[in-house]
Amino acid sequence: MEAIDHVHDARRAQTLHATGLLGEAWVPLLDRVTRTAVRLLGVPAAAVALAERDRQVVVSTAGPDSPAPGDRLTPSYALCRHVVATGEPLAVADIGADERWRRIWTSAEGEPAAYAGVPLRAGVHVLGTLYAVDSRPRPWSAEQLDMLEDLAAMAEAEIGLRLARTETQETAAWTQRLLDCVPDAVISLDAAGVVRGWSTGAQQLFGWSASEIVGRPIVGLVAPERARRDYEERLLRLRESDAPALAGRGLKLEVIDRAGREFEVEGVAQATTVHGQVIVHAFLHEAGGDRRGGGEYDNGRRFLQALLDSLDVGVAACDPEGRLTVVNQPLRAGREQKPNLCVDDLPQVYGLLAADGRTPLAPHEVPLTRALAGESVDGQQLAAHLPGGVRRFLANSRPIDTFDGRRLGAVMALHDITDQHRTEILRSAQDAVNRVLADAATAEEAAVGTAGAIARALGWSCGEYWRVAEDQSGITRIGSWSDPDRELSAFADGDRSDSETFERGQGLPGRVWDTGRHHWIRDLLDDPDGFVREHEALRAGLRTAVGLPVRSGDRILGVLMLFADTVQEPDDDLVELLEGISGHLGRYKERRRAEELALALDASRRHFNQIIAQINDNVWSIEIFEDGRVRSLYQSQNAAGVFGRRLPDDADIDDLMLKRVHPDDMEAYLAFNRKLHAGEPAEIECRVVGLDEVTRWIWIRTTPRREGDRLLVDGIATDVTERHHIAEEREHLLAQQQQQVRRLRELDRMKDELMALVTHELRNPIGAIRGYVELLTDDPGLSAEQRMFTDVIDRKSAHLQRLVDDLLDLARMNAGGIGVDLRPLSLTGLLNEAIDDHRPAAEAKQLALTTELEPSLRLHADPVRLRQMLDNLLSNAIKYTPAGGKVTVSAGLGGDCGDAALTLTVADTGIGIPAEQYDRLFTRFFRASTAREAGIKGTGLGLAVTRAIVNAHGGTISAAPREGGGTVFTVCLPTVPPPPA
């Protein structure tokens, strides 16, 4: 559809001139509006401007920088013209920077730099704008535009009032001209008898001109002296009666003209109520036989018929039997007039409908029928099928009675209000859509709500919105509205859901999407393209379907679908309005999408900045041009952590780095910079002298990306000075630690040598002591006390001997291991021998010492060392098990140690070992906390020596808690000798 030139539209120009504002010098209400706009928006100027063809007329201004009222061509005219042409608000933050308006802007003093304007409407026409300007660029908030639109509504009220006043004046003038053509005297009186209207016929009948009599009481001018009391009584009854009760009353009065001639008049009186006041209109002529003369009567009839035919109002009258006697040209309208037509035939002949435009009008509901029955009808709305389509009317009807009460018939006047009704519907549709768009939480909710608002305003049955997929793969119904008073489930619900999808060109939504044009299916029964959902639509009683594209530029965002349950003829004016609403919806959806994206982007940016603020790294983005220039795009607030102070907003980061990199690292940085300019990922650690002159180690990582021909680089710079200091300190500490380890090893070696020397030197004296003790014990002359002392010496020297042996074994172990003399032996025999030797100690503590030994267990081992290991394990078990406990020794082939090994376990029910101490149990000089707490003495060397013996045999030893308490030691010994080292 071609674009419509709203600015040069003839009907719009007619409406604009009818306001009377083009020549008005001062409009107080509009001045208040502009002054309020200046105050609320904080702008230097605001104005009301009307657009007439190629000129702008400023009718009201406010503010020190406001343009002078009058006919002026200003830079804001192009903006005003745009608002008038689109019917949409316009906000320009910077005219000089906006590509659309830069050409009309000059930097001259006083010229606006920022503009915000909203349309001023009168019905369906946009007459001009209410706009605010600023001499400096500024953003306009949604709240400010809402304020401007609220003020525009006040200005529109003034425009509407002026149009109504003009229409009233034109109607009054036209009515007066019409009455002047009537040969009868037409007089209008108020309830007090004051003349309010006086036709030319009245002047000819009574001799008084309108200027002489209007505003004066009629009784003293036209009533004879003897009849004035009767006149006063009639006026009193008029004031006390109901105006409709006087409708169509016949009159016969005695009157006197200006020359004093008395005569009799007759006619009909009609009473109406205007603003609560009763007004009587009387149609009078002089009584007498001359008026009924044949030729004059026929001429009067022809004149009356011509007069009625010249009216824009449809008029029909009937006789007392209900036969139509008068039908003027607006009602005939090319219809063949059947003879003897009655009022009951009117609904069928004219296709009369009730006010809803759908329900057929019953014969007794016809206004003429109601008036014939004696009812006065005012303002009954109805519709009629006339050539060219359905028209809407406002009907007034009155009975016609003689002065003596006889019913002569009835008369009906039909005022065509189709255009006003359409204007009201279209304006209500626009208002409903605006409310929906204002209240909608999402763009999709707004689209579905718009479809419903239009359908409701038009009185149609159903509205849907179909959305085109982002990837253009299909068009999907996302929501619908249906008249709650209609049963449309067969169509709106049925077997389908709101997620129904069509391909391009499929169904009415697909055709609208494919062609980009509106489609109007007058009658679904006759659709040549075949309506996809025809069966469901017809079942639901739908007949007309309209589809309109919702655009954003050249892109189709979706399709509005509207359905009516009656056949609707294609209406270009309605299509124009609906396309305007669709365009408004498209712009709203794009604006809403832009707002949502802007909010999402702003939220993402805030979230990103919050994340960046939590780290000490400096995050940045730059653009590298082909000539090598670098422009900073983004710089986080953490640059101070890298450069010592925050960087200036206009800092050249590339030049700054070249000046601040440490000379010793410059060669590496230049290589890094070359990779950067080549669009390659790069990384470097270098020293940078900050703006605070402090040298820091900076770790820089970069990732390049291309957007079209642009080379962008994102990077992170981290202050790693502390890491370098820690690394240096770590190297220093490592060197110190290595030196200390060497010293400790040397001390440990010296200690072991000293221990070996000391223990070796102690063996000989201890051996001598034990030898002499044996000699003493052989002396029969020792007293009991002396023998007791000798036994103590023997036990202590034996304990000291074992300690020295353990220390020597540990020294040998540290020197390279304990030597063993492996030979075949019976483990079973060795175990029995060791158990027998320890049984007395167990019995002394009342311990049960039991065995579980397989017979004939043999292996290659050192019998001396193996017996030493057994003694250590058995003595520990007995020593750490309280009286009444149990020690169990078991041995066998396989088990936990595998098939090729012997498994030996020593389990006790003793005091146990804390779980966290098992790992340290076999280290030198370690004693469990439970042993220390129990006060049991020991050196902590036995288990260390035991593990050394087991390891020397190629076996393993482990300790674990025993179920129920105590400890289990498990020794695994190979049955075959280990290979020689």
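Structure first, text after, so check above.
Just so we're clear, the structure is a prediction, and the values are computed from it rather than from any experiment.

**Observations regarding unusual backbone geometry**
Despite not being glycine, Glu 693 has its phi angle at roughly 65 degrees, a positive value. You can see Glu 693 is positioned in the loop between strand 25 (682-689) and strand 26 (695-707). The class of Glu 693 is exposed, set by a relative accessible area of 55%. Phi is positive for Gln 846, which is not a glycine, with a value near 60 degrees.

**Points about the pattern of salt bridges**
Using the criterion set out here, one finds 39 salt bridges in the structure. The partner of Glu 464 in a salt bridge is Arg 477, and the shortest N-O contact between them spans 3.0 Å. Remark: Arg 477 occurs in strand 18 (residues 475-482) and Glu 464 occurs in strand 17 (residues 462-468); sequence separation between them is 13 residues. According to the relative accessible area criterion, Arg 477 is buried, its value standing at 0%. Several salt bridges converge on common partners, so that one network encompasses Glu 464, Arg 477, Glu 500 and Arg 533.

**So, the pairing of strand 27 (residues 710-719)**
Put simply, side chains in a regular strand alternate between the two faces of the sheet. Relative to strand 27, strand 23 (residues 618-624) is paired through seven bridges, and the arrangement is antiparallel. Bridging from a neighbouring strand, Ile 622 pairs with Val 713 of strand 27. Bridge count for strand 26 against strand 27 is ten bridges, and the pairing is antiparallel. Directly across from Arg 701, in strand 27, lies its bridge partner Ile 716. The antiparallel hairpin formed by strand 26 and strand 27 contains two residues in its connecting segment, where Gly 708 sits at a positive phi of about 70 degrees.

**Some words on the environment of Asp 378**
By the element assignment, Asp 378 lies in strand 14 (residues 377-386). With a relative accessible area of 48%, Asp 378 lands in the partly exposed category. When the C-alpha atoms of Asp 378 and Pro 367 are compared, they prove to be 8.9 Å apart, with eleven residues separating the residues in sequence. If we skip the residues at most four places from it in the chain, Asp 378 touches Ala 395, Asn 396 and Arg 398. In terms of polar contacts, Asp 378 uses its side chain to reach the side chain of Arg 398, at 2.6 Å.

**What about the nonpolar core?**
Membership of the largest hydrophobic core comes to 40 residues, with the highest contact counts inside it found for Leu 859, Leu 866, Met 869, Leu 873, Leu 904, Leu 921 and Val 971. Residue assignment for this core shows that the elements contributing at least two residues are helix 24 (827-844), strand 30 (858-861), helix 25 (863-879), strand 31 (886-893), strand 32 (901-908), helix 27 (942-952), strand 33 (956-961) and strand 34 (967-974). Considering each element in turn, this core owes the most residues, seven residues, to helix 25. Apart from the residues within four sequence positions on either side, Leu 921 is in contact with Ile 913, Phe 926, Leu 943, Ala 959 and Phe 969. Listed in part, the 35 residues of the second largest apolar core include Leu 437, Val 550, Ala 564 and Val 575.

**Considerations on the state of the cysteines**
Evaluated as defined, the whole model comprises one disulfide. Sulfur-sulfur distance for the disulfide between Cys 897 and Cys 972 comes to 1.7 Å. One disulfide, between Cys 897 and Cys 972, carries an S-S torsion of -70 degrees and so falls in the left-handed class. One end of the pair, Cys 897, is in the loop between strand 31 and strand 32; the other, Cys 972, is in strand 34, and 75 residues separate them in sequence. Residues Cys 897 and Cys 972 agree in their burial class; the two are buried. Its sulfur unpaired, Cys 342 is 9.2 Å from the next cysteine sulfur, which belongs to Cys 318.

**Quick look at the sheet that holds strand 15 (residues 389-401)**
Spatially, 13-12-16-15-14 is the arrangement adopted by the five strands of the open sheet, whose pairing is antiparallel. The strands lining the two open edges of the sheet, one partner per strand, are strand 13 (324-327) and strand 14. Ignoring strand direction, the axes of neighbouring strands in this sheet form an average angle of 25 degrees. As defined by bridge partners, strand 12 (residues 314-318) adjoins strand 13 across three bridges and the pair is classed as antiparallel. If you follow Ala 316 over to strand 13, its bridge partner there is Val 327. Contacts from helix 13 (residues 418-439) reach strand 14, strand 15 and strand 16 (407-416) within the one sheet, and its direction differs from that of strand 15 by about 125 degrees.

**Remarks on the packing of helix 25 against helix 27**
As a packed pair, helix 25 and helix 27 sit with axes 9 Å apart at the nearest point and diverge in direction by 145 degrees. For the pair helix 25 and helix 27, the crossing hand works out as left-handed. Residues Arg 865, Gln 868, Met 869, Asn 872, Leu 873 and Asn 876 of helix 25 pack against Gly 942, Leu 943, Val 945, Thr 946, Ile 949 and Val 950 of helix 27. Among the residues making up the contact of helix 25 with helix 27, the classes are represented as six nonpolar, five polar and one charged.

**Describing the packing of aromatic side chains**
Counted according to the given criterion, the structure contains seven aromatic pairs. A centroid spacing of 6.2 Å and a plane angle of 35 degrees characterise the contact between Phe 206 and Phe 263, whose relative ring orientation is tilted. Placement of Phe 206 in helix 5 (residues 200-206) and of Phe 263 in strand 10 (residues 262-274) is noted, with a sequence separation of 57 residues between them. Phe 263 carries the same exposure label as Phe 206, and that label is buried. In this structure an aromatic cluster arises from ring pairing among Trp 198, Phe 206 and Phe 263.

**Notes on empty space enclosed by the protein**
Going through the model one piece at a time under the given rule, you end up with two cavities of 30 Å³ or more. As a volume, the largest cavity reaches approximately 170 Å³. Taken together, 16 residues form the lining of the largest cavity, with Trp 620, Ile 653, Met 657, Tyr 669 and Ile 700 sitting closest to its centre. Partitioned by chemical class, the residues of the lining of the largest cavity number 13 nonpolar, two polar and one charged. What the second largest cavity holds in volume is close to 100 Å³. In terms of lining residues, the second largest cavity is bounded by Leu 331, Leu 346, Tyr 350, Leu 352, Val 366, Pro 367, Leu 382, Ala 384, Leu 386, Phe 393, Met 412 and Leu 414. Among the secondary structure elements, those contributing two or more residues to the lining of the second largest cavity are helix 11 (346-350), strand 14 and strand 16.

Procedures and definitions
Residues numbered from 1 in each chain as written. Predicted model: local features only at pLDDT ≥ 70, side-chain atom pairs only at ≥ 80, totals over all residues. Heavy atoms only, no water. Helix = DSSP H or I, 4+ residues; strand = E, 2+ residues; numbered from the N terminus. Buried < 20%, exposed > 50% of the residue type's maximum accessible area, 1.4 Å probe, protein only. Salt bridge = Lys/Arg side-chain N within 4 Å of Asp/Glu carboxyl O. Pairing = 2+ DSSP bridges. Contact = heavy atoms within 4.5 Å. Polar contact = N/O pair within 3.5 Å; in protein donor to acceptor, adjacent residues only side chain to side chain. Core = buried A, V, L, I, M, F, W, Y, C linked by side-chain atoms within 4.5 Å. Disulfide = S-S within 2.5 Å. Axes fitted to C-alpha atoms, helices over the stretch in contact; angles between N-to-C directions. Left-handed = near helix turned anticlockwise from the far one by under 90°. Nonpolar A, V, L, I, M, F, W, Y, C, P; charged D, E, K, R; others polar. Phe/Tyr/Trp six-rings, centres within 6.5 Å; stacked < 30°, edge-to-face > 60°. 1 Å grid on protein atoms, 1.4 Å probe; cavity = no way out; pocket = protein on both sides within 12 Å on 5 of 7 lines; lining within 4 Å. Points joined across faces, edges and corners; volume = space filled by probe spheres on them.

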